[in-house]
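# Structure at a glance
So you can see what is in the structure, the chains are spelled out below.
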Amino acid sequence: MTQRPTALIADDEPLLREALARQLAALWPDLEIVAQARNGREAIERFEAMRPQVCFLDVQMPGLSGIDAARAIGRRAHLVFVTAYDEYAVQAFAHGVLDYLVKPVEVERLAETVARLRERLAAARPAADTEALLRELATQLQRNASPAPLRWLRAQVGQTVRLIAVEDVDYLRSDSKYTRVAWRGDAGRPAEALVGASLKELLAQLDPAQFAQVHRSVVVNLRAIDHVTRSDNETADIHLKGHDGTLPVSRRYLHLFRQT
């Protein structure tokens, strides 16, 4: 009986782990996911216990990163990195030695990766020696104290995760411990969802050239603004393109909309 190929998936987002597992089940039915991990340390532990042939490793995980886990695993498995940041793919993974997927994982890209992995396993080809490149990547991650601006927001709706492109977001509004995000959904229709992070946490990750805080509870995408009307009491209202309602501008942030 032919032994099924085996794999490990490591990602700190459980719903994204499950989503990748479902995609792999559809594209590679013979593949058996023998382990899942929430961080780099768990990935190493699960690898040592199960010795899967393929490891899908999220680059950015708490504690040990996917790069750290890959260095510990070495050539004992075929490695595929999963990243939310295009710059890692462009600057490092595009050497042709490392396989990578960019979140949200596209079916076409995953299918190409699966085809390469199946070919390597069928030919009993050993995993590439990537230690030098992984060492370079690890150094780069340590230097990168200020990550690139957030590109995707993950909003949980029931048991599913909705990935929202930050460039499609019109505004963010504080909602207790969470943040309500308004964006343009399918066909450009306005949509809303709650994100499990505070407005303060999200603001620190947004591109300041594109997003501005205009009220203690509101951050707006400057590209979404149609016009601003000022009031007599040193406040203002923001009118958004394609929205009926308005957003408040407090006195503290009114200077953002003064004529120069």
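The structure under discussion appears in the preceding block.
Values in this document were obtained by computation on a predicted structure and should not be read as measured data.

## With respect to the packing of aromatic side chains
All told, the structure shown has zero aromatic pairs when counted by the stated rule. The residue whose ring lies beneath R109 is Y100, and the NZ or CZ to ring-centre distance is 4.4 Å.

## Notes on helix α5 (residues 107-122)
Its 16 residues place the ends of α5 22 Å apart at the C-alpha level, agreeing with the 22 Å of an ideal helix rising 1.5 Å per residue. Among the residues of α5, L110, T113, V114, L117 and R120 are the ones counted as buried. For α5, the angular spread of buried residues about the axis comes to 125°, placing them on one side. Seen from the open side of α5, the exposed residues pointing more than 90 degrees away from its buried face are E108 and A122. In the core, the buried residues of α5 are packed alongside α1 (14-27), β3 (54-58), β4 (78-83) and β5 (99-102). Positive backbone phi, at 55°, marks A124, one or two positions downstream of α5.

## A short note on the environment of H239
Positionally, H239 belongs in strand β14 (residues 236-240). For the pair H239 and I225, spaced 14 residues apart in the sequence, the C-alpha separation amounts to 6.1 Å. Apart from residues lying up to four places away in sequence, H239 is in contact with I225, D226, H227, T229 and T246.

## Things to note about the sheet that holds β14
As summarised here, the arrangement of the three strands in space is β13-β14-β15, forming an open sheet in which the pairing is antiparallel. Bordering the open sheet on either side are β13 (225-230) and β15 (246-249), each of which pairs with just one other strand. Here the average twist between neighbouring strands, direction ignored, is 25°.

## Remarks on the pattern of salt bridges
A complete count under the given rule lists 13 salt bridges for this structure. In this structure, the salt-bridge partner of D175 is R180, at a minimum N-O distance of 3.1 Å. For D175, a relative accessible area of 26% corresponds to the partly exposed category.

## A closer look at unusual backbone geometry
Between K103 and the following residue, P104, the backbone shows a cis peptide bond with an omega angle of -10°. Mapping P104 onto the fold places it in the loop between β5 and α5. With a phi close to 50°, R51 is a non-glycine residue in the positive phi region. Following the sequence through the fold, R51 ends up in the loop between α2 (40-50) and β3. In this structure, A124 is a non-glycine residue whose phi angle is positive, near 55°. Among the structural elements, A124 can be located in the loop between α5 and α6 (131-143).

## A word on the sheet that holds β4
Strand order in this open sheet of five strands is β2-β1-β3-β4-β5, and the pairing throughout is parallel. Only two strands of the sheet have a single neighbouring strand rather than two, namely β2 (32-37) and β5. When the angles between neighbouring strand axes are averaged without regard to direction, this sheet yields 20°. Bridging between β3 and β4 involves five bridges; their strand directions are parallel. Residue pairing for β4: C55 is matched across the bridge by L79. On top of the sheet, α2 reaches β1 (6-10), β2 and β3; it is set at about 145° to β2, its chief contact.

Reading the values: the criteria
- Residues numbered from 1 in each chain as written.
- Predicted model: local features only at pLDDT ≥ 70, side-chain atom pairs only at ≥ 80, totals over all residues.
- Heavy atoms only, no water.
- Phe/Tyr/Trp six-rings, centres within 6.5 Å; stacked < 30°, edge-to-face > 60°.
- Lys NZ or Arg CZ within 6 Å of the ring centre and 35° of its normal.
- Helix = DSSP H or I, 4+ residues; strand = E, 2+ residues; numbered from the N terminus.
- Expected span 1.5 Å × (residues − 1).
- Buried < 20%, exposed > 50% of the residue type's maximum accessible area, 1.4 Å probe, protein only.
- Arc of directions from axis to C-beta.
- Contact = heavy atoms within 4.5 Å.
- Pairing = 2+ DSSP bridges.
- Axes fitted to C-alpha atoms, helices over the stretch in contact; angles between N-to-C directions.
- Salt bridge = Lys/Arg side-chain N within 4 Å of Asp/Glu carboxyl O.

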